[in-house]
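Listed below, chain by chain, are the residues.
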Amino acid sequence: MDKVLVARAAFPDIVDRLHAHFEVDDNPEDRILAKPELIARLAGKRGAFITGSERIDAEVLDANPQLQAVCNMAVGFNNIDVAACTARGVIVTNTPDVLTETTADFGFALMMATARRIAESEHYLRRGEWTKWSYDQFVGPDVHGATLGILGMGRIGQAIARRGVKGFGMKLVYHNRSRLAPEIEADLGARYVDKATLLGESDHLVLVVPYSPASHHAIGAAELAQMKPSATLTNIARGGVVDDAALAIALKNRTIAAAGLDVFEGEPKVHPGLLEVPNVVLTPHIASASIATRRAMASLAVDNLIAALGHGPNAGRPPTPVNPQVLAR
Ligand code: 8YV
């Protein structure tokens, strides 16, 4: 029987489906496996179920030439060196689509919490500082009717755009590698703009761009300086898309109004400057964390692993491959 590694704890009833096909080495205590341990635990395994916390690179692959499938329980796959996998004939899969609407709900909620100062005012109340109502207490920018800016107009970006435009009457500007189809632009009233215009016009800028060397620090000191002092910034993409040190300074100096962050450079560590400022909402990478969606993600990753290693009804045809060219070989 083929052996697989389930590198992190996931819903046991879903992961149990692997037992019908494989000998499973799992990690029910859910420890993060440091690279040497990950390499050691992959010994003899043909496939791996991983999450965004595990890094699969050439060193890990070269130490485990028997590995044939790496199945990520995440839509983003910047934790995997896909080129190195492809070069070695290793299939990589992710979990697109199943998390789109849930992640968009959260991105919109985080943007609203940021604009309407929900976390900041809640902390104030908990500290027992609320002694009276006053006319300018925790006033912030409106969301409805404001200009929503989106950097990265993929599936999740479009789902956030729909919420903003159709639910809240927002105007929409976006920047992306490629332009939306004309009918989608027309439906959303979306205006495709260059990055400088996006930065300058957005009242609420939401980042949904995948992380890559090209998007590293896409928002740094220079970009923050181009935003309106009244603007908010929401990052549900990846740590590293924003220069967190520069953002902490911008928030402290109020060169932008506020930020909402679900992802961080070097998470789970958070830049200390961000912990010190009140005008930022901080959440621990939970944008996809609805029960149904996390279960759907785990299930899709399991389906991918079973199929990628030639088992089950989709044998040889994992539902959501990242590098399908490997399958064609
Ligand atoms: C995951 C995510 O929770 O899917 C992604 O890309 O960022 C989140 O939905 C995280 O990556 C854990 O795998």
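Above: the structure in question.
Residues numbered from 1 in each chain as written. Predicted model: local features only at pLDDT ≥ 70, side-chain atom pairs only at ≥ 80, totals over all residues. Heavy atoms only, no water.

A.B. asks: Sorry if this is basic, but what is going on with empty space enclosed by the protein here?
C.D. replies: A water-sized probe, rolled over the atoms, reveals where empty space remains. Summed over the entire model, instances satisfying the criterion amount to 1 cavity of 30 Å³ or more. Estimated volume of the largest cavity: approximately 40 Å³. Taken together, Thr114, Arg117, Ala119, Glu120, Ala258, Ala259, Pro278, Asn279, Val280 and Val281 make up the full set of residues lining the largest cavity. Elements with a minimum of two residues in the lining of the largest cavity: helix H6 (118-126), strand E11 (258-261) and strand E12 (280-282). (1 Å grid on protein atoms, 1.4 Å probe; cavity = no way out; pocket = protein on both sides within 12 Å on 5 of 7 lines; lining within 4 Å. Points joined across faces, edges and corners; volume = space filled by probe spheres on them. Helix = DSSP H or I, 4+ residues; strand = E, 2+ residues; numbered from the N terminus.)

A.B. asks: Sorry if this is basic, but what is going on with the nonpolar core here?
C.D. replies: Within soluble globular proteins, side chains that are nonpolar tend to cluster in buried spots. In this structure, Leu18, Phe49, Leu148, Ile150, Ile160, Leu172 and Leu305 are the most contacted members of the largest nonpolar core, which totals 52 residues. In this structure, this core is formed jointly by two domains, domain 1 (3-97 + 291-326) and domain 2 (100-282), each of which donates at least three residues. Among residues more than four places away in sequence, those in contact with Leu172 are Leu148, Ile150, Met153, Ala161, Val165, Leu188, Gly189, Ala190 and Arg191. Within the second largest apolar cluster, 29 residues are counted, among which are Leu151, Leu199, Ala250 and Ala259. (Core = buried A, V, L, I, M, F, W, Y, C linked by side-chain atoms within 4.5 Å. Buried < 20%, exposed > 50% of the residue type's maximum accessible area, 1.4 Å probe, protein only. Domains from an automatic or database assignment. Contact = heavy atoms within 4.5 Å.)

A.B. asks: Help me understand the sheet that holds strand E1 (residues 3-6), please; the structure alone is not making it clear to me.
C.D. replies: Strands pair in a sheet through their backbones, by hydrogen bonds, and they do so in one of two ways: parallel or antiparallel. Reading across from one edge, E2-E1-E3-E4-E5 is the order of the 5 strands in this open sheet, with parallel pairing throughout. A single partner strand is all that each edge strand has here, and the edge strands are strand E2 (23-25) and strand E5 (91-93). The sheet shows a mean angle of 15 degrees between the axes of neighbouring strands, taken without regard to direction. Pairing of E1 with E2, which is carried by 3 bridges, proceeds in the parallel orientation. (Pairing = 2+ DSSP bridges. Axes fitted to C-alpha atoms, helices over the stretch in contact; angles between N-to-C directions.)

A.B. asks: Sorry if this is basic, but what is going on with helix H11 (residues 244-252) here?
C.D. replies: Residues lying three or four places apart along an α-helix face the same way, a consequence of the helix completing one turn every 3.6 residues. When we look at burial in H11, the residues that qualify are Asp244, Ala246, Leu247, Ala248, Ala250 and Leu251. One side-chain oxygen at the N-terminal end of H11 lies 3.2 Å from the backbone nitrogen of Ala245; it belongs to Asp243. (Polar contact = N/O pair within 3.5 Å; in protein donor to acceptor, adjacent residues only side chain to side chain.)

A.B. asks: Would you explain the site of the ligand in this entry?
C.D. replies: Residues in close proximity to the ligand include Thr51, Gly52, Met73, Ala74, Val75, Gly76, Leu99, Arg238, His285, Ser288, Arg294 and Met297, which together make up its full environment. Measuring from an oxygen atom of the ligand, one finds a backbone N or O atom of Val75 at 2.7 Å. In isolation the ligand offers 330 Å² of accessible surface; the protein chains occlude 84% of this area. Split by residue class, the shell around the ligand holds 5 nonpolar, 5 polar and 2 charged. (Near = heavy atom within 4 Å. Areas by Shrake-Rupley, 256 points an atom, 1.4 Å probe, with all protein chains shown as cover. Nonpolar A, V, L, I, M, F, W, Y, C, P; charged D, E, K, R; others polar.)

A.B. asks: Just checking my understanding: could you explain the state of the cysteines for this structure?
C.D. replies: Structurally, a disulfide amounts to a covalent bond that connects the sulfur atoms of two cysteines. This model, assessed by the stated rule, comprises 0 disulfides. Unpaired in this structure, Cys71 has its nearest cysteine sulfur neighbour in Cys85, at a distance of 10 Å. Note on Cys71: relative accessible area 0%, which makes it buried. Looking at Cys85, the relative accessible area reads 0%, which means it is buried. (Disulfide = S-S within 2.5 Å.)

A.B. asks: Explain helix H5 (residues 100-115) here, please?
C.D. replies: When the terminal C-alpha atoms of H5 are compared, their 22 Å separation across 16 residues agrees well with the 22 Å that a helix rising 1.5 Å per residue should span. The element H5 is largely enclosed, with a buried count of 12 among its 16 residues. Among the residues making up H5, those that are buried are Thr100, Thr102, Thr103, Ala104, Phe106, Gly107, Phe108, Leu110, Met111, Ala113, Thr114 and Ala115. Downstream of H5 by one or two residues, Arg117 has phi in the positive range, about 60 degrees. (Expected span 1.5 Å × (residues − 1).)

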